[in-house]
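If you want the building blocks of each chain, they are given just below.
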Amino acid sequence: MSAVSSPNSPITPVFRCAHKETARWDAERDTDTLFQNHSVEEIRKIERTTRKDIQLKKEELRQMVGERYRDLIGAADSITDMMRCCKQASDSLNSSQHLSSALLQTHKLKGTGPIQLVATQSHELMCAAVSQMKLLVGIQGKIWGSIDAMDYEQAVEHFLWAKHIVTGLCLESIVHQKSVLDSVAVILLEQWTLIKHFQATILDCCRQNLKSVNLECSAFLHSLVAMVTLDHISIREVFNEFLIGRKAAIVEVFHPSRQGASVKSQLCQLVTIIRSSLQLTALLFCRSSLQEHSRILVSINNNLQSLQEAGLEVPATPTEIEQSTVQSSYKEWLGMCTAELETGMTRLLHHIMSVKAVSSIREAIHDVLSQTCDDEMDWDDACNVVMGRKFCVWKELLQPLIFARAKVLLQGNFSKVESSFADVVRGFIDQSQCKDKSSFLWSEEDEVLGVSLTLKATGCTPHVYKYSPTTGTPNPHVV
């Protein structure tokens, strides 16, 4: 019977939980039972299984806590947005009521009824509706052009204009006679069906942009601002989207589809992602001594203000994210990425078969870490802002794994050299036993006369005697 499934000894926490009502678990007693009833290999198998279960439970607990924490944050933000929307809706209803009362009073004073007013303006309304439909048809091409150019802020603006036109035409069809817009109603529905899917397309493109390895800071900023404007999310939520995208970029480096790339290039990309993620977090989401607000908040406010001045409907201005939230979220993200790194790098380094290749990878990684850009912060300053301490990517994440692989390779090389040397010496000894070479392989000297005579007496050369561990009578068979 297998040691893992033995019912005689409670060796796992699952067994103890199932039998806690009938027996009290005693570690010392059950350890003795294990060593009495199982072999060493079985006990090691039990230990590996138990450790694996512990790691799995820890990972499940970490994911569960993270999901619950994220759901709690989302629920809190949703409640805040609902309160704000309710207040805006209430204010809009009150304003509409006052405007309607004033408009009705004006019509009564002039003696003009609403139906008569619509009848006199039906031609103008039709012309306006046709011109707006023409704009709506042309907006699709502009949105695609902005997406192809990776100008997602402009794509969001075009989408909001299309939504504004459709909303205006729908309101006009309700206020005025329905027959006036019947001729364009079918085209309106078809065009909006074609345009409304752009919202999901733009958001997907922005999320894909967050996975990029070598993008400038401004490109990441425009993608994040577009997501906030289009999806009406808070800065905290868009920061979580940013971290999710960067983790997905790390996972893609280790994807099986990347097997054609060299290990050096994959590890260099990995270092670039980790380094740029910390720099982008410091530049976009953190406040500095020279800036009262974070860079992303300033960009969002400027973008919303320009859209509002153009007459478009925009979400409310988001609030600043707390620096403590940035630090805690980034540390949690780095912890999850570290586990992914250990698994992926161990698999990649297994394909490295020489110490020279390991040294080349180390030099390439140091070159990547030493590179600087004009829009980057000082590394130590960025680490202090984001993590509250100094952080070295090489020493904390990469060095242990790379040095471990180099150690394995060196041990293998030494084993091969030792085995080869032993084979050479054994061959030499076997050959020397067939022929007496002591009479002409060396000459005697005074200071080594005693040793030389002893060697001659045993038929052993000085070279074999040098490698013999004994100091007395040389033994040519000891290597």
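The coordinates are above.
All values reported here derive from a predicted model rather than from experimental measurement. (Residues numbered from 1 in each chain as written. Predicted model: local features only at pLDDT ≥ 70, side-chain atom pairs only at ≥ 80, totals over all residues. Heavy atoms only, no water.)

S.K.: For the packing of aromatic side chains, give the residues involved together with the corresponding values.
M.R.: For the coordinates displayed, the defined rule picks out 7 aromatic pairs. With a centroid separation of 5.2 Å and 40° between ring planes, the pair formed by Tyr 330 and Trp 333 is classed as tilted. With Tyr 330 and Trp 333 both in helix H13 (residues 323-349) and 3 residues apart, this pair spans about one turn of that helix. In this structure an aromatic cluster arises from ring pairing among Phe 239, Phe 242 and Phe 285. (Phe/Tyr/Trp six-rings, centres within 6.5 Å; stacked < 30°, edge-to-face > 60°. Helix = DSSP H or I, 4+ residues; strand = E, 2+ residues; numbered from the N terminus.)

S.K.: Talk me through a nonpolar patch on the surface; I want residue IDs and the actual numbers.
M.R.: Taken together, Leu 61, Met 64 and Val 65 make up a surface patch of nonpolar side chains, about 270 Å² in accessible area. Residue placement: Val 65 occurs in helix H3 (residues 40-110). (Patch = residues over 30% accessible without salt bridge, like charges linked within 9 Å, V, L, I, M, F, W, Y side chains within 5 Å. Areas by Shrake-Rupley, 256 points an atom, 1.4 Å probe, with all protein chains shown as cover. Salt bridge = Lys/Arg side-chain N within 4 Å of Asp/Glu carboxyl O.)

S.K.: Give me the packing of helix H11 (residues 263-285) against helix H14 (residues 355-370): which residues, what numbers.
M.R.: How two helices pack is summed up by the angle between their axes together with the distance between the axes. Packing of H11 against H14 brings their axes to within 9 Å, and their N-to-C directions diverge by 30°. Regarding the angle of H11 to H14, the classification is roughly parallel. At the point where H11 passes H14, the crossing takes the right-handed sense. Two secondary-structure elements touch here, H11 through Val 263, Lys 264, Leu 267, Cys 268, Val 271, Thr 272 and Arg 275 and H14 through Ser 360, Ile 361, Ala 364, Ile 365, Val 368 and Leu 369. Split by residue class, the contact of H11 with H14 holds 9 nonpolar, 2 polar and 2 charged. (Axes fitted to C-alpha atoms, helices over the stretch in contact; angles between N-to-C directions. Parallel < 35°, antiparallel > 145°, perpendicular 65-115°, else oblique. Left-handed = near helix turned anticlockwise from the far one by under 90°. Contact = heavy atoms within 4.5 Å. Nonpolar A, V, L, I, M, F, W, Y, C, P; charged D, E, K, R; others polar.)

S.K.: Residue-level account of the side chain of His 158, with values.
M.R.: The topology assignment puts His 158 in helix H6 (residues 152-175). Ignoring any residue separated from it by four or fewer positions in sequence, one finds His 158 in contact with Ile 139, Lys 142, Ile 143 and Ser 146.

S.K.: So what's going on with the pattern of salt bridges? Residues and values would help.
M.R.: The final tally for this structure, using the stated rule, is 11 salt bridges. For the salt bridge of Arg 51 with Glu 47, the shortest nitrogen-to-oxygen distance reads 3.0 Å. Highlighted residues: Arg 51 and Glu 47, both in helix H3, separated by 4 residues, approximately one helical turn. Looking at Arg 51, the relative accessible area reads 53%, which means it is exposed. Residue Lys 57 is joined to Glu 60 by a salt bridge in which the shortest nitrogen-to-oxygen separation is 3.9 Å. Here the residue Lys 57 and the residue Glu 60 both occupy positions in helix H3, the gap between them amounting to 3 residues, near one helical turn. (Buried < 20%, exposed > 50% of the residue type's maximum accessible area, 1.4 Å probe, protein only.)

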